[in-house]
Each structure stands twice: as C-alpha cells, then as structure tokens.
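In case you want the letters, here they are:
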Amino acid sequence: MKRRIVLLGPPGSGKGTVAQRLEKEFHLDHLSTGQWFRKEIAAGTELGKQVTADVERGDLVPDEVVLGLMERWLSPQLLERGFMLDGFPRTRAQAEALDKFCAEKKAPLEVVLYMSCPEDLIIERITGRRVCLSCGKNYHVRALPPHSPGRCDLCGSALVQRPDDTVEVVKNRLEFYRKITEPLVDYYRNAGKLVSLNGALGSEAAFKAAAQVLAS
Ligand SMILES: [Zn+2]
C-alpha cells in the first residue's frame, strides 16, 4: 500500500472530495497548507502573522515560510503512518525541498496523484455553485439545482454566489495554477511518480481509480 502521497490538480478538479474519501478509506492524514496556515494564525505565532500579511496582500506565501511549516508538521510519526499533501508543494523549489527532506528521513514520496480536468469544465463547475448563507446547503445551477430558482429547498432563503466563485476569480486562479504549479506535473512525471486521474469523469470514478493506485 502507498502511504506517502501528494495530490496535484487545478482548483475545481474534484481533488478535495477525492482526498476526503481516501482519508477515510485508507486512514491517511489529509494535510493542506490552508489548514497549516489557519493553525498558525489561530495560535498567533510569528509565522502566522507573516502568512496573514501575505494572504491579505494576495501574495504567494514565500517558499521559506511554507518549508518551515513542512518541517514542523511532517513529524517522524506522520512520515511512518502516511499522509496526503494537498496544496503543497506548490512550486518547483518546494517540491525539491520536500524530496530532499523525505530522502533524509528515508521516507520518500511513493506516488503523486494528478487530477486533470479541462478548464471549461472547471469554470462551469465553480461558477455554477450557489450556497444558502442561512443553513449552509450547497447547490449547483445545473448539476444540483434547487426546486425553485434562487431559493433554498430547506429554509427558503435566497441563494448566493460566493465572491471566489465568479468567472474572473476562477480564471485568475487557473492562470496562477498554470504558471506556478502545473510544471510540477512534469517534475513528478520525470521522477516516475505521477499517476493521472481523469477529474472530468466525476469524483466517484476518480476516487475508485485513486483507491486502486493506493492499494497496489
Ligand atoms: Zn437554506
């Protein structure tokens, strides 16, 4: 069984849903940098303050900050027990540092799961999301529409689109992803660790394919 895993893929590829199911199925810790950042911010550490400033300015959190967190969070126990990294590494420098760190601990990465997905499908998926702010229920204008347009089935409140789910924001995020993170696909392919999953087929099919890879 594979235990040290990196998840790669653009926003909206369904990576998060697949990760949640793999976490349950294989008892692997699902680690995301978002979660690392929130814990540091909540604890009020110096790192947390720097991360807050970067995020507020819309900047990429610098490699050395992220790598500091990596060394703190990837404990010997975790390296032994197994983990899925999501949102990290994000740059080539981070990927190289992670490889070096894992090699020193004699716990190399075993597989990189890459969820591919065409951009027009990603945009359709994300921009179609609607949410009820009163009860939190999620909808999608095409895939999961409410019974009456714009109204929550459960509580009748008006449905809204999150500011991050607009076409403009999604296109910016995809452009950033293409430039900064997509080169990691080649990096891991060259290392012989990449397994591609077709995110366009939906999360159920992607989960099944991923589960087979991890079990082998
Ligand atoms: Zn509601």
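These lines cover the structure that appears in this document, whether it is placed above or below. Given the structure is predicted, the values throughout are model-derived calculations rather than measurements. (Residues numbered from 1 in each chain as written. Predicted model: local features only at pLDDT ≥ 70, side-chain atom pairs only at ≥ 80, totals over all residues. Heavy atoms only, no water.)

1. So, the overall build of the chain
Looking only at helices and strands, the chain has 10 helices and 8 strands in total. Scaling as 2.2 N^0.38, a compact globule of 216 residues should have a C-alpha radius of gyration of about 17 Å, and the chain matches this with 18 Å. Counting only C-alpha atoms, the chain reaches 55 × 40 × 30 Å along its principal axes. Taking the intrachain contacts of the chain between residues at least 6 apart in sequence as the baseline, contacts between residues at least 24 apart amount to 73%. Summing over all exposed atoms, the chain offers an accessible surface of approximately 11,600 Å²; the carbon and sulfur share of this is 52%. Within the chain, one finds 31 positive and 28 negative side-chain charges whose respective centroids are separated by 4 Å. (Helix = DSSP H or I, 4+ residues; strand = E, 2+ residues; numbered from the N terminus. Rg over C-alpha atoms; globule rule 2.2 N^0.38 Å. Contact = heavy atoms within 4.5 Å. Areas by Shrake-Rupley, 256 points an atom, 1.4 Å probe, with all protein chains shown as cover. Lys, Arg positive; Asp, Glu negative; His and termini not counted. Charge placed at Lys NZ, Arg CZ, Asp CG, Glu CD.)

2. Thoughts on the nonpolar core
Leu8, Leu74, Leu85, Leu98 and Tyr188 are the most contacted members of the largest nonpolar core, which has 33 residues in total. Element by element, the count of residues in this core is highest for helix H4 (residues 63–73), at 5 residues. Excluding anything up to four places from it in sequence, Tyr188 contacts Val6, Leu8, Pro89, Ala95, Leu98, Leu109, Val112, Lys193 and Leu194. Ranked by size, the runner-up nonpolar core spans 18 residues in total, among them Ala19, Leu22, Met84 and Phe207. (Core = buried A, V, L, I, M, F, W, Y, C linked by side-chain atoms within 4.5 Å. Buried < 20%, exposed > 50% of the residue type's maximum accessible area, 1.4 Å probe, protein only.)

3. Some remarks on the packing of helix H2 (residues 33–43) against helix H3 (residues 46–57)
Relative orientation of the contacting elements H2 and H3 amounts to 115°, with a least axis distance of 7 Å. Note on packing geometry: the crossing formed by H2 with H3 is left-handed. When H2 is examined against H3, the residues Phe37, Glu40 and Ile41 are found in contact with a partner set consisting of Leu47, Gly48, Val51 and Thr52. (Axes fitted to C-alpha atoms, helices over the stretch in contact; angles between N-to-C directions. Left-handed = near helix turned anticlockwise from the far one by under 90°.)

4. Remarks on the coordination of the zinc ion
For the zinc ion, the full set of protein donor atoms is Cys132 (SG), Cys135 (SG), Cys152 (SG) and Cys155 (SG), and the range of their distances to it is 2.3 Å. Each of the 4 donor atoms around the zinc ion contributes to a set of angles spanning 98 to 122°, which defines the coordination as tetrahedral. Here the donor residues of the zinc ion share one chain and are spaced in sequence as C-x2-C-x16-C-x2-C. Highlighted residues: Cys132 in strand E5 (residues 129–132) and Cys152 in the loop between strand E6 (138–140) and strand E7 (159–160), separated in sequence by 20 residues. (Donors = N, O, S within 2.8 Å, 3.2 Å for Na, K, Ca; no water. Tetrahedral: all angles 85-135°; square planar, octahedral: opposite > 155°, others 65-115°.)

5. Points about the environment of Arg162
By the secondary structure assignment, Arg162 is in the loop between E7 and helix H8 (167–181). Taking C-alpha positions, Arg162 is 7.9 Å from Arg129, a pair spaced 33 residues apart along the chain. Beyond its immediate stretch of four places on either side in the chain, Arg162 contacts Val131 and Asn138.

6. Things to note about helix H6 (residues 92–104)
Taking 1.5 Å per residue as the helical rise, H6 with its 13 residues ought to reach 18 Å, and the 19 Å between its terminal C-alpha atoms agrees with that figure. For H6, the set of buried residues is Gln94, Ala95, Leu98, Phe101 and Cys102. The buried residues of H6 occupy an angular sector of 125° when the element is viewed end-on, so they sit on one face. Away from its buried face, by an angle of more than 90 degrees, H6 presents the exposed residues Lys100 and Glu104. Where H6 is buried, its residues contact strand E1 (4–8), H4, helix H5 (76–81), strand E3 (83–86) and helix H9 (183–190). Positioned one or two residues after H6, Lys106 has a phi angle of 55°, which is positive. (Expected span 1.5 Å × (residues − 1). Arc of directions from axis to C-beta.)

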